There are 4 protein chains.
Amino acid sequence: MSIKVASNGYGVIGRRIADAVKAQPDMELVGIAKVSPDYKAKLAVEKGYKIFSADEKGLEKFRGNGIEPAGTSKDLIEKADIIIDSTPGNIGPSNKEVYADLGKKALFQGGEKHDLTGFSFVAQCNYGDAAGKQFTRVVSCNTTGLCRVLNALDQEFGVDRARVVIARRAADPDETTKGPIDAVSLDPVHLPSHHGPDVNTVMPHINISTMAIKIPTTHMHLHSAMIQLKDKTASSDRVIDTLNRTSRIMLVNSKSGIKSTGQVLDLGRELGRPRNDLFESIIWEDSVSIVESEVFFFMGVHQESIVIPENIDAIRAVMQTKSAKDSIHITNQILGIRK
Amino acid sequence: MSIKVASNGYGVIGRRIADAVKAQPDMELVGIAKVSPDYKAKLAVEKGYKIFSADEKGLEKFRGNGIEPAGTSKDLIEKADIIIDSTPGNIGPSNKEVYADLGKKALFQGGEKHDLTGFSFVAQCNYGDAAGKQFTRVVSCNTTGLCRVLNALDQEFGVDRARVVIARRAADPDETTKGPIDAVSLDPVHLPSHHGPDVNTVMPHINISTMAIKIPTTHMHLHSAMIQLKDKTASSDRVIDTLNRTSRIMLVNSKSGIKSTGQVLDLGRELGRPRNDLFESIIWEDSVSIVESEVFFFMGVHQESIVIPENIDAIRAVMQTKSAKDSIHITNQILGIRK
Amino acid sequence: MSIKVASNGYGVIGRRIADAVKAQPDMELVGIAKVSPDYKAKLAVEKGYKIFSADEKGLEKFRGNGIEPAGTSKDLIEKADIIIDSTPGNIGPSNKEVYADLGKKALFQGGEKHDLTGFSFVAQCNYGDAAGKQFTRVVSCNTTGLCRVLNALDQEFGVDRARVVIARRAADPDETTKGPIDAVSLDPVHLPSHHGPDVNTVMPHINISTMAIKIPTTHMHLHSAMIQLKDKTASSDRVIDTLNRTSRIMLVNSKSGIKSTGQVLDLGRELGRPRNDLFESIIWEDSVSIVESEVFFFMGVHQESIVIPENIDAIRAVMQTKSAKDSIHITNQILGIRK
Amino acid sequence: MSIKVASNGYGVIGRRIADAVKAQPDMELVGIAKVSPDYKAKLAVEKGYKIFSADEKGLEKFRGNGIEPAGTSKDLIEKADIIIDSTPGNIGPSNKEVYADLGKKALFQGGEKHDLTGFSFVAQCNYGDAAGKQFTRVVSCNTTGLCRVLNALDQEFGVDRARVVIARRAADPDETTKGPIDAVSLDPVHLPSHHGPDVNTVMPHINISTMAIKIPTTHMHLHSAMIQLKDKTASSDRVIDTLNRTSRIMLVNSKSGIKSTGQVLDLGRELGRPRNDLFESIIWEDSVSIVESEVFFFMGVHQESIVIPENIDAIRAVMQTKSAKDSIHITNQILGIRK
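Definitions and cut-offs
Residues numbered from 1 in each chain as written. Chains lettered and ligands numbered in written order. Predicted model: local features only at pLDDT ≥ 70, side-chain atom pairs only at ≥ 80, totals over all residues. Domains from an automatic or database assignment. Contact = placed C-beta atoms within 7 Å. Helix = DSSP H or I, 4+ residues; strand = E, 2+ residues; numbered from the N terminus. Nonpolar A, V, L, I, M, F, W, Y, C, P; charged D, E, K, R; others polar. Buried ≥ 20, exposed ≤ 12 C-beta atoms within 10 Å, placed from the backbone. Pairing = 2+ DSSP bridges. Axes fitted to C-alpha atoms, helices over the stretch in contact; angles between N-to-C directions. Least-squares fit on C-alpha atoms with pLDDT ≥ 70 in both. Parallel < 35°, antiparallel > 145°, perpendicular 65-115°, else oblique. Left-handed = near helix turned anticlockwise from the far one by under 90°.

## Topic: the domain arrangement of chain A
Residue and element names in this part refer to chain A.
Part 1: If you check the domain split of chain A, you get domain 1 (3–139 + 307–335) and domain 2 (141–301).
Part 2: The C-alpha centroid of domain 2 is placed 26 Å from the C-alpha centroid of domain 1.
Part 3: Counting residues at the interface gives 18 residues for domain 1 and 16 residues for domain 2.
Part 4: Within the residue set of the side of domain 1 that touches domain 2, elements represented by two or more residues are α1 (14–23), α6 (123–126), α11 (308–319) and α12 (324–335).
Part 5: When the residues that make up the side of domain 1 that touches domain 2 are grouped by side-chain class, the tally is nine nonpolar, six polar and three charged.

Structure follows, in structure tokens:
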């Protein structure tokens, strides 16, 4: 029997989740909830998705734009076994109350605080711990990207201390009112940044400090990572080999012409991915180097899509329908993730 | 019997043409010629395309990167009925000699001069004139975008004089060494720009002057058009109606949230187009307005893909296998162009 | 006797006006009013400017940051003969009431509507009409840049119809939260834009239509102008000669390496201007060309500083202390404008 | 008696050096050598600088643009006691031979390799070692910025290990052909970057590793620094106090509104610096924090100007006319550096 999934929100994350859920053999997309009857709403209708307006007032707005909603978000929630909440950050807590009142399970995104659910999820790190949880938080794009790599390195070599500087894209491609244009914003100015502690919500034992800047790009976060390993015999070859064996990590190489995030974006296009999405942590193979058992590398994180496979896995983890290994395998296959 | 097509070049245009040819029911992609064994080459192999190295020297380069070429570009040319040449601008003339020596038909792109072929093509304007031509030039992205609209307006209202300012994207997404970063380049400084005369290679009777600037964007050219009509009774409603009836023009509206080229790019993603391509001239419906029988509007031109359907049609036009109407219809259907 | 001038506002315009007023031989800067005790406030103190907080509440905020205000903006207004209001757009109307109650003259900026004052000013166009006005609006940067040129061309050749496309810088260098980053915003989508009618508040008889787009730059607006002249014998040489003789127009040439707004910014630096300001309309001499008595050219407008000399002249025009010719001469000399 | 100084090169560095030399009480600018008769050449003439063309052929080019050169660069070199060479990177070695042949002292810039001179200079680190050297290299902007801080921290706390990620501005404001536009380039991909070893040319004992990315900005490099101190009792207050006492370090604070490099650029304007130059290493006071005796902070480096005071000091160091303390004091005072 299919898991009935609702996507509450149809923005950057919500619309990708809807498509991914729709494509899974063991899930049914019961509908999406959306605030605004914009071009995304119209194309959702064409895809055959049932649209629910966020509230009563919204019903008229949709009808005024030629879209007949199937009800309000509350109607949608009632139809679902589990809700994927990708509404803007500060609405999470009040949504949680609604889900609780209706006795529904829900996944929240990384914009919410860990305390909202008390449990933060990355498939390769703690799939099993999600079993039966009513509320789960799938961590943010940067935390997801980091956890995959840190987990792999920690299991193979032991991570002694991690230092990462994140150059964040300042806006998504369609967020055209956000800057900066020709400047670097310190975001936050106060150090270290919250990204380190956020990794610790998934992997509490990792000693990590992070800094983050905001730069005038739209396509990808870029991590400069310096990770001190416990295994003093670690070599760059062994690190590369470890990353090569790790699911949802894609190695790229400047020798094949990929020298910037611009070519990575283009790689997403050539791979034929929907919306050019890159669900993997992208690591430059020829950047991997070791200095005194500290590994240095560059990693790209596609902010719009990297958490999509994690959400799909979290659904199965919470519903206890598949093992970690099986879920990751199915999700990867359906989404076109090669390993 | 299928038309045997070779794609000489596998960059911005060449790889799109390869995919588009591959998808046509009446064409066969005999192979692609490419200079560099980069990530695009590797993914072309995965798609099953036969790769030919640009020259003898290149054979080793490809083999050194694990790709076995099927020969050199000369071998490829011999196998084809028609070659789509999308090599960089100044190689066109010497390539033409090679095609001529082998008695092959060829299409060149808008980076070449009109004089190279003596005939410049836009499907909706002069399909019939291509019949039997050995050498044809499919005009540039901006000229293609303009010709579609000018042709439609000219037939319905008569175009008295056209003035267009083109804000050109300075680089494609993967051209990461090109600027400017925080400046507007005048390109060219001398006025009017060459875009007006280039329109005249297709539509000689149109009185048009253009100006062009280069700005720090990567996704789309943006035209600000002011077109004086002969029909003094023209209204914005009638103009919109005309554009709505014209093939390969897509109307968008700020009311549905599309207020910048950023949302247009996103629309390409939501439409599920390969590489997010937008083959249509994108016109903002709510920008269309009339002042003293002069129509004003904004138009977006996706520089990477707008000429792809034109190339496909040009193949049939030159080979005389279909009528204009039939070819445009098939091409649109296969590429997902709605009208 | 000096004219006592207050600068209400100390942002982009206000701080430049304060410095410019301070430098005039016939004016006294009685102080500046400011909302926030930021780095600009601290450096204003170092320059010896008297700072007034916008309101009573602000007094404490300034003191908490080590700045002792000389009072509130109301105290400042009382000390002045004339107030230069450069507060954010929508505060103008309520400020006007305060000035009216205290019987003071005031200048407003182009962010306010023409109706607020009923009179809009550009020194070279209508200096004499300002005599004795209590409230005057100095028009926006783009309107100022256009009026100077249109006035010169109209007097020499007669302007039949003007068409201008303005590529607007999306943010000032220190406005680091504004975008777009890699997109062109249509601002406004509806056409023609308000810039044409705004020119008409100064020069009602000019037939002008404008379009405007917003692009990812910070240093300068760029106008693409197409101006139909009445004098059918006009040549580009004569146009250049006319612009050369017009005050506050600076001709630049790509032959000397100035091919983009980036080099214009750099020119401001080499000229040793305070804050690199360019008070002139910058016109590319070698872009000037004539097609059927229509003149085409590119013009740069430094959004931060072009209205500064206009404000200084408007003070004298309103106070009736100098003729237009004398005021423009003095202002130019003090600000380093060569003609 | 004045030191006769020639500036060979009049680009980003050369023109600033010319102005700075001109302003020193103990130096005489004997002239500048330049390749192109562009707008910078014309304004140099207006400043009264003697211009020498790079070679014989250039003489005509200058005359053709209305500039009478005082000779060729060889003539200039003969007139000088010391030459500041700021010609493009790869010309240094051949220039060195010319200087050697004429028995002249010369300073080279950080674009040259350390081996060219065998001695690399930062005033606060090794002023005394320059005494009498014929050839000295003033290190690059990023190395200069880092050495000032590392030297101060090393003397006060001992530096155990430094890790720095440098987000490099991709182009100067007038370099309008360079990108990337909407991407991060890994430059270099191979790690660690050369910046660490370059610090070691000045401070050989510092254990430092660096990574560098290139981003779409023009105004400033941004360093994310993580520096392990030997003194386990170090506090952020003591670090701030140390930086406050160090010459050519300017502390800024987000509380005064400086939250990005955009506001730092604006600060340069408000300070009234020529060309808005910021000769100091700019450190965000409220970013300074300590985790397990490792200090974290953000630092801005103005690529165009930070090496100017170092070049001026290097002249005196090499000519042995002043002590380090006296030279730094004079240079700071003349250039408006507060400490």
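## What to know about the pairing of strand β10 (residues 208–215) of chain A
Looking along a regular strand, one sees the side chains alternate between the two faces of the sheet.
All names here are of chain A.
Part 1: Most of β10 sits inside the fold, with eight of its eight residues counted as buried.
Part 2: Going residue by residue along β10, you find Ile208, Thr210, Ala212 and Lys214 tucked away on one face and Ser209, Met211, Ile213 and Ile215 tucked away on the opposite face as well.
Part 3: The pairing of strand β8 (residues 159–169) with β10 spans eight bridges and is parallel. Its bridge partner lying in β10, Ile166 is registered against Ala212.
Part 4: Relative to β10, strand β9 (residues 185–186) runs antiparallel, the two sharing two bridges. Bridge pairing in β10 places Leu186 opposite Ile213.

## As for the sheet that holds strand β3 (residues 51–53) of chain C
All names here are of chain C.
Part 1: What the seven strands build is an open sheet, ordered β3-β2-β1-β4-β5-β7-β6; its pairing is parallel. In the strand order of this sheet, the two ends are held by β3 and β6 (120–121), each with one partner.
Part 2: Summarising the sheet, strand β1 (residues 3–8) and strand β4 (residues 82–85) pair through four bridges and their orientation is parallel. Paired with Ala6 across the bridge in β4 is Ile83.
Part 3: Contacts from helix α1 (residues 14–23) reach β1, β2 (27–34) and β4, with the element oriented near 160° to β2.

## Focus on the relation of the copies chain A and chain D
For the pair of chain copies, the relating operation is a rotation around an axis with a shift along it.
Part 1: Mapping chain A onto chain D leaves a residual RMSD of 0.0 Å; the transformation is a rotation of 180° accompanied by 0.0 Å of translation along its axis. Taken together, these values place the two copies in the relation of a two-fold axis. The position closest to the rotation axis in chain A is occupied by the C-alpha of Pro216 of chain A, lying 3.1 Å away.
Part 2: Of the residues that chain A buries at the interface, 100% are likewise interface residues in chain D, meaning the two copies contact each other through the same surface.

## Focus on the packing of helix α1 (residues 14–23) of chain D against helix α11 (residues 308–319) of chain D
Residue and element names in this part refer to chain D.
Part 1: The geometry of α1 relative to α11 is characterised by a closest axis approach of 10 Å and an angle of 55° between their N-to-C directions. Considering their axes alone, α1 and α11 lie oblique with respect to each other. Note that α1 runs across α11; the crossing there is right-handed. Two secondary-structure elements touch here, α1 through Arg16, Ile17 and Ala20 and α11 through Ile308, Asn311 and Ile312.
Part 2: Here the contact of α1 with α11 is built from residues that sort into four nonpolar, one polar and one charged.

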